[in-house]
Amino acid sequence: MKIKIRLREILNERNMSQRELARQMNLRPSTINHLCSDSVDRVYIRTLEQICDALNITVDQLIVSVDDSDSRDKHDG
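All values reported here derive from a predicted model rather than from experimental measurement. (Residues numbered from 1 in each chain as written. Predicted model: local features only at pLDDT ≥ 70, side-chain atom pairs only at ≥ 80, totals over all residues. Heavy atoms only, no water.)

Caption draft 1: Spotlight on the overall build of the chain. Helix and strand content of the chain: six helices and two strands. Order of helices (α) and strands (β) in the chain, N terminus to C terminus: β-α-α-α-α-α-β-α. For the chain, with 77 residues in total, the buried portion stands at 25%. Pairs at least 24 apart in sequence give 64% of the contacts found in the chain among residues at least 6 apart. (Helix = DSSP H or I, 4+ residues; strand = E, 2+ residues; numbered from the N terminus. Buried < 20%, exposed > 50% of the residue type's maximum accessible area, 1.4 Å probe, protein only. Contact = heavy atoms within 4.5 Å.)

Caption draft 2: Up close: the packing of helix α2 (residues 18-25) against helix α3 (residues 29-36). Interaxial distance between α2 and α3 falls to 8 Å at its minimum, and their mutual angle equals 125°. Here α3 runs oblique to α2, going by the angle between their axes. Where α2 crosses over α3, the two elements pack in a sense that is right-handed. Facing α2, whose interface residues are Q18, R19, L21, A22 and M25, α3 presents P29, I32, N33 and C36. (Axes fitted to C-alpha atoms, helices over the stretch in contact; angles between N-to-C directions. Parallel < 35°, antiparallel > 145°, perpendicular 65-115°, else oblique. Left-handed = near helix turned anticlockwise from the far one by under 90°.)

Caption draft 3: Inspection of the environment of K2 at higher detail. Within the secondary structure, K2 is located in strand β1 (residues 2-5). On the basis of relative accessibility, which here comes to 38%, the residue K2 falls in the partly exposed class.

Caption draft 4: Focus on α2. What α2 keeps buried is the set L21, A22 and M25. For α2, the arc enclosing every buried residue in end-on projection is 100°, short of the 170-degree limit, so these residues lie on one face. Of the exposed residues in α2, the ones pointing more than 90 degrees away from its buried face are R19 and R23. On its buried face, α2 is in contact with α1 (7-13), α3 and α4 (45-55). Phi turns positive one or two residues past the end of α2, at N26, with a value near 60°. (Arc of directions from axis to C-beta.)

Caption draft 5: Spatial organisation of the side chain of T47. Along the chain, the position of T47 falls in helix α4. Using a relative accessible area of 12% as the deciding quantity, one classes T47 as buried. Apart from residues no more than four positions distant in its own chain, T47 is found in contact with M25, L27 and L35.

Caption draft 6: Molecular detail of unusual backbone geometry. In this structure, N15 is a non-glycine residue whose phi angle is positive, near 50°. Tracing the backbone through its elements, the reader meets N15 in the loop between α1 and α2. For N15, a relative accessible area of 70% corresponds to the exposed category. Despite not being glycine, N26 shows a phi value in the positive range, around 60°. Take N26: it is sitting in the loop between α2 and α3.

Below is the structure:
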């Protein structure tokens, strides 16, 4: 099992740019960019809380668990 941050998908659903969210949250755009990537290996809980507050979502909407085989299939093919 892997944990995935759905930030990229949520921003796309809202037609919101990473830069716009970064500006709204007073964070560096590179921080949001990193959280939108598939290579996130650690994140501050407070940052997740701030994202949820800014987007008016719950943490379970932002973070999901995915089966390892699902993530491998997407990269392989």
